[in-house]
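Spelled out from the first residue to the last, the chains are:
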Amino acid sequence: MPPSTTPATATPAATTPATAASTTAGTTASTTGEPPLTARQAERRRRILRAATALAARGGYEAVQMREVAESAQVALGTLYRYFPSKVHLLVAVMLEQLQGLQEHIRRHPPTDPEPAPRVADTLTRAFHALQREPLLAEAMVRALSFADRSVGAEVDQVSIATGQLILDAIGQSGPPSESQRAAVRVIEHTWHSALVAWLSGRASIAEVRADLHTAARLLTLP
């Protein structure tokens, strides 16, 4: 099957079990009000995500062909499309799973600096290095986010929430963030994403990425 250069057309959201899962396990109800996945459906979804992740890690965005994903996950092609209406939906879900895995790891091994700005910079630098270890996978996920249209809006929002939560966890305060902190988190999140894109395209070195993350994190020290 020839490589795809554009995202596949999405089918109506009402037919997709993917929208019923917003966590790695895929067992929570979605914001659309659909019921949680059954244990069997959640396991099928995990197999699909594992298959897509492996293909992307080996060959990047173009290597993730829906038929090959279905074969590797041992599901029918029609079943795959019911879970993920397009390759973009699928790879954005992979991105969310990767971020959730990073979040769990960093919660087990939190940064130790006494100040929040260095903790945030350290957290995002560690997240960047985790993605750096699989550059083709990172490229595939970032391309999917770039291609995402309104039909993938809910999934992209979940990625944004997960990224923001990484930052909030690193801030580490007990109460809710202030408005100025929320604004800083949004800018830091945009900086992290832009730095990742710049590194993947060869326009920024790892040292420049690290410097940008530290600069953006210092927004948290502003009144």
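Because the structure is predicted, anything quoted here is derived from the model rather than measured.

Rules behind the numbers
- All chains use their own residue numbering, which begins from 1 and follows the written sequence.
- Side-chain atom pairs in this predicted model are given and counted only at pLDDT of 80 or more, local residue features only at pLDDT of at least 70, and totals for whole chains, interfaces and linings cover all residues.
- Note that the side-chain values use all heavy atoms of the structure and ignore hydrogens as well as water.
- Strands here are runs of E lasting at least two residues and helices are runs of H or I lasting at least four, both read from the DSSP assignment and numbered beginning at the N terminus.
- The buried label goes to any residue with under 20% of its type's maximum accessible area, the exposed label to any with over 50%, and the partly exposed label to all in between, with areas taken from a 1.4 Å probe on protein chains only.
- The contact rule is simple, with two residues in contact once any of their heavy atoms fall within 4.5 Å.
- Using a 1.4 Å probe, the Shrake-Rupley method yields the accessible areas, and only the shown protein chains count as cover for residues.
- Only buried residues count toward a nonpolar core, which is a set of Ala, Val, Leu, Ile, Met, Phe, Trp, Tyr and Cys residues joined through side-chain atoms within 4.5 Å.
- Here is the rule: rings of Phe, Tyr and Trp (six-membered ring for Trp) pair when centre to centre is within 6.5 Å. Planes less than 30 degrees apart are stacked, more than 60 are edge-to-face, and the remainder are tilted.
- Either the NZ atom of lysine or the CZ atom of arginine qualifies as a charge over a ring when it sits within 6 Å of the ring centre and within 35 degrees of the ring normal.

Looking at this model, I keep getting lost on the overall build of the protein. Mind explaining?
Of the regular secondary structure elements, the protein holds 9 helices and 0 strands. Starting at the N terminus and walking to the C terminus, you meet the elements of the protein as α-α-α-α-α-α-α-α-α. Out of the 223 residues belonging to the protein, those deemed buried represent 44%. In the protein, the share of contacts with a sequence separation of at least 24, taken over all contacts with a separation of at least 6, comes to 68%. Summing over all exposed atoms, the protein offers an accessible surface of approximately 11,000 Å²; the carbon and sulfur share of this is 56%.

How do you make sense of the nonpolar core when you look at a structure like this?
Most often, soluble globular proteins have nonpolar side chains that are buried together. Judged by nonpolar contacts, the single largest core of 63 residues is most densely connected at I48, V69, L90, V120 and W192. Broken down by element, this core gets its largest block of residues, 11 residues, from helix 4 (residues 87-108). Not counting the four nearest positions on each side in its chain, V69 is found in contact with I48, A51, A52, L55, V64, L80 and L90.

Help me out: how do you make sense of the packing of aromatic side chains in this one?
This model, assessed by the stated rule, comprises 2 aromatic pairs. Arranged with centres 5.2 Å apart and planes meeting at 75 degrees, the rings of F128 and W199 form a pair that is edge-to-face. Taken together, the positions of F128 in helix 5 (residues 116-132) and W199 in helix 8 (residues 179-200) put the pair 71 residues apart, joining distant regions of the chain. It is K87 that lies over the ring of Y61; its NZ or CZ is 3.9 Å from the centre.

Don't take any of this as a statement about function, it's just geometry.
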